[in-house]
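One-letter residues, chain by chain:
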Amino acid sequence: NTFIAYPDGELARLVFHELAHQVLYVGDDTVFNESFATAVERIGGRMWLDAHATPEARKAFDERDERQRQFRDMTQRTRERLQSLFASLPSADLKQNTSFVQVFTTSDATQKVASQKKAEIMAELKSDYAALKASWGGFAGYDTWIAQANNAGLAAQGAYNELVPQFEAVFARSEKRFPKFYDAIKGIVALPKAERREALKKLASE
């Protein structure tokens, strides 16, 4: 009952996303799982809209989809800036956490510099969001996320989107047929994580 009143296009996308997780799930790879489900949601949602939705529903969907794209691009830029910051720090012990690099330092001076620069990057994120929000006519759907923005939230954004272009490319190369697409992806899920990523890249480009 928390989502049943969503606009038709958004409800359809949610259903496609959750059903995609029933098609396949890889125990050691959140980014793979969520990017797969997000790709299915986008492809399936668009196909459903084209076949069943009213012109008004399609218009509302397109507007919301464009906002989501702009928001994803903005948070991706922030993630990349933070990753570059952490990677450039001297005397840093870097640790990979899902798809996002977090830093742990033993130097108080280095930690102070990192905290200051990180604060500047996060302040710019909020400024960029304010400009986006104004261009959206005041749409406030991401206000809570921005107010609570942190490394974990940015990492989650990456998990849902990082591999989507590759999955979409595999779908296109599968004659845009879901059974053929699913078979192609199921053929690589048993591989070790690094090999699975390389296999997906190859499927998307071959």
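See the structure above.
Computed from a predicted model, the values in this text were never measured in an experiment.

**Student:** How do you make sense of the packing of aromatic side chains when you look at a structure like this?
**Tutor:** Note on aromatic pairs: each is described by the distance of the centres and the angle between the planes. According to the stated counting rule, one finds 16 aromatic pairs in the structure shown. Relative to Tyr-142, the ring of Phe-139 lies with its centre 6.2 Å away and its plane at 75°, an arrangement referred to as edge-to-face. A connected cluster of aromatic rings, assembled from ring pairs, spans Phe-32, Phe-36, Phe-167, Phe-171, Phe-178, Phe-181 and Tyr-182. Above the ring of Phe-139, the side-chain terminus of Arg-67 is found at 3.9 Å from the ring centroid. Between Arg-196 and the ring centre of Phe-32, over which it is positioned, the NZ or CZ distance is 5.7 Å.

**Student:** Help me understand unusual backbone geometry in this model?
**Tutor:** Glycine aside, a negative phi is what most residues show, and trans is what most peptide bonds show. The phi torsion at Glu-175 lies on the positive side, around 60°, for a residue other than glycine. Inspection of the secondary structure puts Glu-175 in the loop between α7 (164-173) and α8 (178-186). The exposure class assigned to Glu-175 is exposed, which follows from its relative accessible area of 51%.

**Student:** Hey, could you run me through helix α4 (residues 108-135) in this one?
**Tutor:** Residues lying three or four places apart along an α-helix face the same way, a consequence of the helix completing one turn every 3.6 residues. Between its first and last C-alpha atoms α4 spans 41 Å; for 28 residues at 1.5 Å apiece the expected length is 40 Å, and the two agree. Buried within α4 are the following residues: Thr-110, Ala-114, Ile-121, Met-122, Leu-125, Tyr-129 and Leu-132. Phi turns positive, to about 75°, at Gly-137, one or two residues after α4.

What counts, and at which threshold
- Residues numbered from 1 in each chain as written.
- Predicted model: local features only at pLDDT ≥ 70, side-chain atom pairs only at ≥ 80, totals over all residues.
- Heavy atoms only, no water.
- Phe/Tyr/Trp six-rings, centres within 6.5 Å; stacked < 30°, edge-to-face > 60°.
- Lys NZ or Arg CZ within 6 Å of the ring centre and 35° of its normal.
- Helix = DSSP H or I, 4+ residues; strand = E, 2+ residues; numbered from the N terminus.
- Buried < 20%, exposed > 50% of the residue type's maximum accessible area, 1.4 Å probe, protein only.
- Expected span 1.5 Å × (residues − 1).

Keep in mind these values describe shape, not function.
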